[in-house]
Amino acid sequence: MDKSLYTAMAGASAAMRAQATVANNLANANTVGFKAQLLGTETFKVEGPGFATRYSVIDAPPQADHSAGPLQVTGGELDVALHEGVWLEVQDRAGNPAYTRTGDLRVNANGLLTTASGHLVMGENGPLAMPPNQKVQIGGDGTVSLVPQGQGPETMAQVARLRLVKPDPALMQRGEDGLFRLDGPPPAPAAGTALTQGALEGSNVNVAATLVQMIELQRQFEMQVKAIKEADDNARSSASLMRLG
């Protein structure tokens, strides 16, 4: 009974946590640049008195699916779709470097370029400032050029360059704020054409497959709960027989 009870309990716990991960992926199916979180668990032995069969499971270090999402043409001057493997460096709330593939940029009240969630976009010399302008052009290599407000198109000049990098995906970890951070040396700059202006990368979550996965996990959870109940019923029956003896 002990072995079946702990096996079922571990399975139910893992299914419940996996369900939360799948639900989060599904909730972000329309989030720009979102990378689906992959499921993973690891076994560990439950220490203390009891049978040697007492093993449970914990979540494995979170990993992300780094495959590219679908391209969505928007025509927006501050919308950029990063090419596969390229990341945009931003500044998190604590002032530390972080990375994102969210390309729907905007200018805040202080004239600084930010992501949709308000994180400062980094240029080659720090947070990227956007002077008042009437036209913005972002080149494939990340160069930002603009026409000053009230001037003609012949006055377009380069003002900055986005800090685009190509890190090793295996070293990247997603934080609770949705930004990725690098567990290793600073990443190499992205060379050549690294983005497309006027487009956005959609989420790479496969909605149909995720819904099927959610149903499968729900059935697994119900099966494990049923096994726990049966183990408890068997224990009660055994106790009744012992009392009769």
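The model shown is predicted, which means the values in this text are computed figures rather than measured ones. (Residues numbered from 1 in each chain as written. Predicted model: local features only at pLDDT ≥ 70, side-chain atom pairs only at ≥ 80, totals over all residues. Heavy atoms only, no water.)

Asks: I'd like to hear about the overall build of the chain, residue by residue, with values.
Replies: A count of helices and strands for the chain gives two helices and 21 strands. Computed over C-alpha atoms, the radius of gyration of the chain comes to 25 Å, more than 25% over the 18 Å expected from 2.2 N^0.38 for 245 residues, which places it beyond the range of a compact globule. Taken along the three principal axes of its C-alpha coordinates, the chain extends 100 × 35 × 30 Å. Here the chain holds 245 residues, and 37% of them are scored as buried. (Helix = DSSP H or I, 4+ residues; strand = E, 2+ residues; numbered from the N terminus. Rg over C-alpha atoms; globule rule 2.2 N^0.38 Å. Buried < 20%, exposed > 50% of the residue type's maximum accessible area, 1.4 Å probe, protein only.)

Asks: I'd like a description of the sheet that holds strand E13 (residues 133–138), backed by residues and values.
Replies: Strand pairing in a sheet relies on backbone hydrogen bonds. The paired strands run either parallel or antiparallel. Within the open sheet, the three strands sit side by side as E13-E14-E15. Their pairing is antiparallel. Taken across any chain shown, the strands that pair with only one partner, and hence form the sheet edges, are E13 and strand E15 (157–161). Strand-to-strand, the axes of this sheet are offset by a mean angle of 30 degrees, without reference to chain direction. As defined by bridge partners, strand E14 (residues 143–148) adjoins E15 across four bridges and the pair is classed as antiparallel. (Pairing = 2+ DSSP bridges. Axes fitted to C-alpha atoms, helices over the stretch in contact; angles between N-to-C directions.)

Asks: Tell me about the side chain of Thr-115, residues and numbers included.
Replies: Among the secondary structure elements, Thr-115 is positioned in the loop between strand E10 (113–114) and strand E11 (120–123). Once residues within four sequence positions are removed from consideration, Thr-115 is found in contact with Val-90, Thr-100, Asp-104, Leu-105, Arg-106 and Val-121. (Contact = heavy atoms within 4.5 Å.)

Asks: Before we move on, can you summarise the pairing of E11 with the specific residues and values?
Replies: The side-chain alternation of E11 yields two buried faces, one formed by Leu-120 and Met-122 and the other by Val-121 and Gly-123. Pairing geometry for strand E7 (residues 87–91) and E11, over two bridges, is antiparallel. Opposite Val-90, over in E11, you have Val-121 as the bridge partner. Where E11 lies against strand E12 (residues 126–127), two bridges are found, and the strand directions are antiparallel. Bridge pairing links Gly-123 to Gly-126 in E12. Taken together, E11 and the strand that follows it, E12, pair antiparallel across an intervening segment of two residues.

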